[in-house]
Amino acid sequence: MLLEALLKLLLLVLLVPSFPVVSSADQSSPKFAIQSISTVDIPKIDGELSDSIWRSVVPISEFHQTRPDDHGTASQRTEVQIVKTSETLYLAFRAHDSNVSRLTAKGLIQGETFFSDDRVSVNLDTFGDRRNSYFFQVNPNGIRREALVGNDYFIDDWDTIWHASAKVNQLGWTAEMAIPLKSIAFDPNTEIWGINFGRELPSRGESVAWSSIDRNSGPSAFGSVSGMVGFSQGHGLEITPSVSIGSSYQESTDRRESIVEPSVTGFYNITPNLTAGLTLNTDFSGTEADQRQINLGRFSLFFPEKRDFFLRDASIFEFGGLETNARPFFSRRVGLSDDGDPLDLETGIKLTGRSGDWNVGSLLIKQQTLDSTADDTLFVGRVTRNVFRESEVGLITTAGDPNSDSNNRLTGIDYTYRNSTVFGDQSLRTNIWYQETDSEGVNKDQSAFGLRVSYPNYKYSGYLDLSRVEDNFNPALGFVNRTGVDQVRGRLRRRFQLENSYFDWVGTRVQYFRSDRIGGGIQTERKQLNLIEGFSGQNDFFTIFAIDQTEGIEESFTLPGDLEVSPGLYNYKRYGFFAETGEQRVFSGVFLYGDGDFFNGERRLIETRLNWRPNKHFFGSISIENNDLKINGKKASNRLYTARANVALNSKWAWLNLVQGDNVSESVSLNSRLRYQPRPDREFFLIFDHSVDRANPDNDDTSLIFKASFNYQL
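This section reports on the structure supplied with the text.

### A short note on a negative patch on the surface
Turning to step 1, where the next piece is worked out: A cluster of acidic side chains, namely Glu251, Asp254, Asp698 and Asp701, defines a negative patch on the protein surface.
Turning to step 2, where the next piece is worked out: Structurally, the position occupied by Asp701 is in strand β39 (residues 701–710).
Turning to step 3, where the next piece is worked out: For Asp701, a relative accessible area of 30% translates into the label partly exposed.

### Thoughts on the sheet that holds strand β10 (residues 172–180)
Turning to step 1, where the next piece is worked out: Pairing is antiparallel in the open sheet, where 4 strands are placed in the order β3-β4-β10-β9. The outermost strands of the open sheet, each flanked by one partner alone, are β3 (78–84) and β9 (163–169). Taken over all neighbouring pairs, the strand axes of this sheet differ in orientation by 10° on average, direction set aside.
Turning to step 2, where the next piece is worked out: With 7 bridges connecting them, β3 and strand β4 (residues 88–96) associate as antiparallel partners. From the neighbouring strand, Lys84 faces β4, where its bridge partner is Leu89.

### Looking at the packing of aromatic side chains
One pair of aromatic rings is described through two measures. These are the centre distance and the angle between the planes.
Turning to step 1, where the next piece is worked out: Within this structure, the stated rule accounts for 26 aromatic pairs.
Turning to step 2, where the next piece is worked out: Between Phe136 and Trp158 the ring centres are 6.3 Å apart and the planes differ by 65°, which places this aromatic pair in the edge-to-face class. With Phe136 in strand β6 (residues 132–138) and Trp158 in the loop between β8 (153–155) and β9, the pair connects residues that are 22 residues apart, well separated along the chain.
Turning to step 3, where the next piece is worked out: The buried category is assigned to Trp158, whose relative accessible area is 4%.
Turning to step 4, where the next piece is worked out: In textbook terms, an aromatic cluster arises when at least three aromatic residues are bridged by ring pairs, as seen for Phe557, Tyr570, Tyr572, Phe598 and Phe599.

### Thoughts on the pairing of strand β5 (residues 119–125)
Turning to step 1, where the next piece is worked out: Counted residue by residue, β5 has 7 buried out of 7 residues, so it is predominantly covered.
Turning to step 2, where the next piece is worked out: Of the two faces of β5, the one holding Arg119, Ser121, Asn123 and Asp125 and the one holding Val120, Val122 and Leu124 are both buried throughout.
Turning to step 3, where the next piece is worked out: Bridge count between β5 and strand β11 (residues 193–201): 7 bridges; the pairing is antiparallel. Directly across from Val120, in β11, lies its bridge partner Arg199.
Turning to step 4, where the next piece is worked out: Two elements, β5 and β6, share 5 bridges in a ladder whose sense is antiparallel. Note on β6: the bridge partner recorded for Asn123 is Phe135.
Turning to step 5, where the next piece is worked out: Where β5 hands over to β6, the hairpin turn is made up of 6 residues, of which Gly128 adopts a positive phi near 60°.

Basis of the calculations
- Residues numbered from 1 in each chain as written.
- Predicted model: local features only at pLDDT ≥ 70, side-chain atom pairs only at ≥ 80, totals over all residues.
- Heavy atoms only, no water.
- Patch = residues over 30% accessible without salt bridge, like charges linked within 9 Å, V, L, I, M, F, W, Y side chains within 5 Å.
- Areas by Shrake-Rupley, 256 points an atom, 1.4 Å probe, with all protein chains shown as cover.
- Salt bridge = Lys/Arg side-chain N within 4 Å of Asp/Glu carboxyl O.
- Lys, Arg positive; Asp, Glu negative; His and termini not counted.
- Charge placed at Lys NZ, Arg CZ, Asp CG, Glu CD.
- Helix = DSSP H or I, 4+ residues; strand = E, 2+ residues; numbered from the N terminus.
- Buried < 20%, exposed > 50% of the residue type's maximum accessible area, 1.4 Å probe, protein only.
- Pairing = 2+ DSSP bridges.
- Axes fitted to C-alpha atoms, helices over the stretch in contact; angles between N-to-C directions.
- Phe/Tyr/Trp six-rings, centres within 6.5 Å; stacked < 30°, edge-to-face > 60°.

Structure representation (structure tokens):
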């Protein structure tokens, strides 16, 4: 059997000790190597840098541009200092600016992105493996942002406990960070960590970094910091108890329900690099509602994960470079119904970590099911081994089906080759993967496999992706929306760097996608030419595009607005324009116009979004997506409305409001969250949810919940 042969090959690769894995000491040139400094003089995290320790540490100041010029001279001086105790890393940033009035600092809500702001950051590769890192960033208001970087993914919704503060002064601005070792995993036997520092100056259209290769400042381009030993994580125990209290009312059934939901999540560091997690009666009520989408196709849509328990060490579970179709594990299949409604998650056990060249992750969940015959116990296991300088080989397995009694299992293997020194300073990525599912009562056509070659560089970039997903491939804990197909995806982009111009670069791009049914016949072919596109120093972007698309329909389906598409082969051409302005402006926005044929009719798409950010205390946004369709002489307009209003009294108090409505579901919903976060390990929410069914006003739902959450690191 093919799977058995591949598993034997994988086992051989995993156990062979002779792969030339480069040690972290060999991975950075001496120019970008620093020595850590220990201290007993703990600085006060107030952003002022007045503590005596900062006067005694020589700053790092060798920063260069990555935008607009590769390794160009930075227009403003940046200095970084780093010291450590046995429990905490401390960093100080001095972001000099010759014109302080040009600083942008409008983000004042913890956990929200602030792409429009000036900001400084540090990346920590705590295992020295050139593959993964922890990312910490702060703006001049002291607002924190963190992310997981790993396996070519940037997981921005990850959250952990750390501290930061910043102050603006006449010379620019300063910031301090305190990162507890309890909040990150590390290898106590690795003395040399990968590290990098960065700074963004949006009003100048400038990005700077301490270490980079061809504008890439990711893990493969990090410098190094030595002497990273002698750390303690205390008892290695983190406990987060929470409680939600409130009530809900469903008008259609005249049912009023009281809500009292205690919950606890805990993590224990078995070793500094191996963490066990436990969650009981998990409550996800503080998570923001999903962004609505209008589906004008016949394949299901993909929604990203936002829940903290599943995001912790999430990069370990990524597989084969897959983003959507044929993912073996998609955590939104756990604790949520097919309609996106929360299900009771009774118990969750998670084990993640890295040891030497090994990376492991496992997840065991017991949850509520809506179908009494479906599995209420679900399992995911993942192991990878680092090989060569930047590459890895791995195995994944899942068991359980939360939506049926199919007794589903999956096994997959993947190999990722990375090389960031092709042609001296270019990057090359290759992913090879194979998966096979085992569903009860199914005996054939249950595999999926693929190959992806990617060249993710600045001047020239592109990828080629080939895959086959057989008819009965069924990853019950994953995501698949097209089966029984052979698929080809490709893209090629060319950028032209401009000098003394409003635009940093202009370029052109071609994209191709084809999905053929294994049994014969085309399912989709899409050819797209972005004739010209450009990006400015003020973070403005535009592109003009043309699309030639073919759809092979075997079974009729209905588009929103009761427009029926009959079986047949359709070819249609579309064209359009997209523009986006930099969010550092008081007013910014997005505009998309698309027009042309659509199946055997026409479609005109106009999407607009207007943002208003007058100051750091308020952000407002209104967006409208309008699709005017005409199929078989019948017309329909599908509209989606979204409005946001976020109010920040200060960095502790925030009121977050999201209103969404569309004429497809004929519903309007409000998600309003008043949040108080007096410090990073304390969080309180007052959450009001209200939905109105315009087609049936008796189906209104309302809930009001107070949630308190506390985090203790012992």
